[in-house]
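Results of the structural survey
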Amino acid sequence: MNIIELHEINKTYPIGKDRFHALKNVSLTVERGEMLSVMGASGSGKTTLLNIIGLLDGFDSGEYILSGENVTKLRDHESANIRNGRIGFVFQDFCLLQNESALFNVMLPMYFNKTSFWKMKRKAAETLKHVGLQETQYKKPVKLLSGGQKQRVAIARAIVNEPDIILADEPSGALDSESSRQIMEVFKELNRESKTVIVVTHDETVSGYYNRVIRIGDGRIV
Amino acid sequence: MLKKNLSLIIRFYKDAKVSGLLLFTVFILSQFSMLSLIGKYRTCMQYDRCYKSIPDVDRSVYYMYGENLTAGNDFTAKYHEVLSELSQNSCVEDISCRSYMGTVIDREEEVNVIAMDERLLGYGSDTGIDEDGHIQIFLSPDVFTDRSVTDEIDLQIRTDEQTVNIRAVISGRYKAAEYLPGFNIYSNKMDCYDMLTEYTNTIFVVKTPETEKLLMKNDMYDSRTGFIFFSDGSAVSERSEVLEEMNRSGFSISTYDDIIANTEYKTNKLLEDAIPLPLMTFVLTFLFSISMVVLMLDKNMQTYSVYYLCGLSKKKSYFLFLSSIGISELLAAVINAAITLYCLYFPERRPEYMQDIMFSWNNLYLLLVQAVFVLMIIFLEIVITYHKRSFIQIKNQELK
Ligand SMILES: Nc1ncnc2c1ncn2[C@@H]1O[C@H](COP(=O)(O)OP(=O)(O)OP(=O)(O)O)[C@@H](O)[C@H]1O
Ligand SMILES: [Mg+2]
């Protein structure tokens, strides 16, 4: 069963008076439980594609079906609900609240759903343990953690609401090779737990982790 | 849900503690300067209102007899004679002035006793005496504060001639800023500010033949100034005849229209002096608070973009922004409401510079209106600074 179906997606960015065509008629289907890699040269449109899949950005034309539901035109709170519960994001630059503790960062998605206030902390701690962050690091401000630790916090935040889909934009881009390998292991483990994982990467050496690799060049899937 | 929201609202100030405190202070100042502004205006208007609330004052004139207010005693006999002649006149309904009775000793303090016509007091029965034969007294705000209205009380009133013991009933107490004719100023540009005063340390009784008998007072008129009320429907020509007659016998006269015109002139001047400072404070603090809000929003932009990523809808982030700042505004309003209540309940305890600021229950309503207005502006600011910016834009900005 297809969890993601993109049909003929076009995306342009305004540049001054002109528009830059970043995605050109991109169609893509992803099956539930796949572990997919998106590769391509810098500026080819990988991040753009991932942002659209994650409902972080809109598109000009085309159709997007998520788990059988047409999500092409959603209202503000509907797309917020999907971001909150059904999709988890991991970024190269972490996108964490640097002054807050790891625990709070992981609790954050639960602030926006119905998890009771008292359960949030326990669930966040469990999730951090699951991604392999040492307990001594939970209460430190995130800015004091290493890159690999930060990325574990980011992954914990992405999965704490138990989404079906994990989107990662160059998750190991800011990490050394050992940390990268460990982070990839975490993703692989999540995929074994039947989550659909899409990872944007430059790194050809980790292609062994993926069921499928798609390549983007100049806004098209090649 | 409430706990989560509250926790996020408090977190709004976490990265902006100093600006948050500043914003809070500015909100307090801005509201306070608004209340001072309106309070000063209210004080001015209050004189006018108290004057106009004297029944039939629009057919009265205000007079002074003699060259000045401290002319010698030999005047008195003549003064009374002239007044009683005047009162014979068919178009003169009433002559109203103050009569000074003497003093009461209350715990070693001397309290003045003053008699005035019922229409000037605004209270009292026709006789000034209740059914049980007790004389009705009305208190200035600061007198006998430990007693309440309807209490009975024994008074020993000392006048120049004798001491009388009477049983009185407290029939009313004036509130702050209930101004009464003071009868101690006359000018050729007579206005309400000259005429009215806020009495302190004074007991009032209604001036009637009955009370004067009870108080064994012989002289009807003490003050050299007073009102002459013309009877309703008396002809203009008749009235001006009386006025001419008064002029000839040594009276100075201000008509109702004179007083109103002079008051308007004086009010404008007073407001011109009193308004600019609070107005400027109000405008400056207002503008400052608006720019502070932009700053605070900006400081929280990154945080909110992470919230957005984690599933906070735009609409709800407006709500959180608005509540976060609104809480400061409301807290400031609560403080100003407390100041208002304090000044309403303990008017004598307010500091010197607040004496000419009139507080009222209306302030609470005003604070609410201002809070709503400010929140509307803040909402606009939120929409302007946040609405058009997408998550991607904010994130990219961070990377730069
Ligand atoms: N907000 C934007 N405004 C204008 N142009 C943009 C914007 N975002 C991306 N682009 C352009 O769209 C194209 C695709 O960008 P995108 O970020 O998707 O590339 P990418 O494949 O993720 O590149 P990289 O590997 O460097 O991250 C690029 O040419 C970029 O310059
Ligand atoms: Mg990219």
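Residues numbered from 1 in each chain as written. Chains lettered and ligands numbered in written order. Predicted model: local features only at pLDDT ≥ 70, side-chain atom pairs only at ≥ 80, totals over all residues. Heavy atoms only, no water.

**Details of the overall build of chain B**
Scanning chain B for helices and strands turns up twelve helices and twelve strands. In terms of overall dimensions, chain B is more spread out than a globule: its C-alpha atoms have a radius of gyration of 30 Å, far above the 21 Å expected for 400 residues. For chain B, with 400 residues in total, the buried portion stands at 51%. When the accessible area of chain B is evaluated, it comes to approximately 19,800 Å², of which 57% is carbon and sulfur surface. (Helix = DSSP H or I, 4+ residues; strand = E, 2+ residues; numbered from the N terminus. Rg over C-alpha atoms; globule rule 2.2 N^0.38 Å. Buried < 20%, exposed > 50% of the residue type's maximum accessible area, 1.4 Å probe, protein only. Areas by Shrake-Rupley, 256 points an atom, 1.4 Å probe, with all protein chains shown as cover.)

**Some details on the side chain of B:T202**
Residues and elements named next belong to chain B. Relative to the helices and strands, T202 is located in strand β10 (residues 202–206). The exposure class of T202 is buried, given its relative accessible area of 1%. Side-chain polar atoms of T202 contact the backbone oxygen of T200, separated by 2.7 Å. (Polar contact = N/O pair within 3.5 Å; in protein donor to acceptor, adjacent residues only side chain to side chain.)

**Description of the site of ligand 1**
All names here are of chain A. Neighbouring ligand 1 are 13 residues, the closest being S42, G43, K46, T47 and T48. One nitrogen or oxygen atom from the side chain of T48 is found 2.5 Å from an oxygen atom belonging to ligand 1. Within the side chain of E170, one N or O atom sits 3.4 Å away from an oxygen atom of ligand 1. Relative to its unbound accessible surface of 630 Å², ligand 1 loses 68% to contact with the protein. Of all the secondary-structure elements, those providing two or more residues to the shell around ligand 1 are β2 (18–31) and α1 (46–53). Ranked by the residues each element gives to the shell around ligand 1, the list is headed by α1, at three residues. (Near = heavy atom within 4 Å.)

**Re α1(A)**
All names here are of chain A. The buried count for α1 comes to seven of eight residues, which makes it a mostly enclosed element. Those residues of α1 not exposed but buried are K46, T48, L49, L50, N51, I52 and I53. Following α1 by one or two positions, L55 has its phi on the positive side, about 60°.

**Considering the packing of aromatic side chains**
Considering all chains together, one arrives at 33 aromatic pairs over all chains under this definition. Summarising the aromatic geometry, the rings of B:Y47 and B:Y179 are spaced 4.1 Å apart at their centres and angled 15° between planes, so their arrangement reads as stacked. One end of the pair, B:Y47, is in helix α2 (residues 17–52); the other, B:Y179, is in the loop between β7 (163–173) and β8 (180–181), and 132 residues separate them in sequence. B:Y179 shares its class with B:Y47; the two are buried. For the pair B:Y63 and B:F251, a centre-to-centre distance of 5.2 Å together with 85° between the ring planes defines the contact as edge-to-face. Here the residue B:Y63 occupies a position in strand β1 (residues 60–65), and B:F251 occupies one in strand β12 (residues 251–255), the gap between them amounting to 188 residues. B:F251 sits in the buried class, given a relative accessible area of 4%. Counting every residue linked through ring pairs, the aromatic cluster contains A:F112, B:F12, B:Y13, B:Y304, B:Y307, B:Y318, B:F321, B:F379 and B:Y386. (Phe/Tyr/Trp six-rings, centres within 6.5 Å; stacked < 30°, edge-to-face > 60°.)

**Quick word on the interface of chain A and chain B**
Between chain A and chain B, the contact holds 30 residues from the first and 24 residues from the second. Interface area, chain A with chain B, both sides summed: about 2,400 Å², of which 63% is carbon and sulfur. Here chain A is connected to chain B by two salt bridges. For A:E100, the salt bridge is made with B:K14, and the minimal N-O distance between the two is 3.2 Å. Looking at the side of chain A that touches chain B, the elements with two or more residues in it are α2 (76–85), β6 (87–91), α3 (102–111) and α4 (117–130) of chain A. In terms of residue class, the side of chain A that touches chain B is built from 16 nonpolar, seven polar and seven charged. (Contact = heavy atoms within 4.5 Å. Buried area = accessible area lost by both parts, 1.4 Å probe. Salt bridge = Lys/Arg side-chain N within 4 Å of Asp/Glu carboxyl O. Nonpolar A, V, L, I, M, F, W, Y, C, P; charged D, E, K, R; others polar.)

**Structural notes on the environment of B:R119**
All names here are of chain B. Considering the arrangement of structural elements, one finds R119 in helix α4 (residues 118–121). Under the relative-accessibility criterion, R119 is labelled buried at 15%. Once the C-alpha coordinates of R119 and A168 are considered, the two residues, 49 residues apart in sequence, prove to be 20 Å apart. The contacts of R119, once residues within four sequence positions are left out, are I54, P55, D56, E93, D94 and F229. A distance of 3.0 Å separates a polar atom in the side chain of R119 from a polar atom in the side chain of E93. A polar contact of 3.2 Å, which involves the side chain of R119, links it to the side chain of D94.

All quantities given are derived from atomic positions and should not be read as evidence of function.
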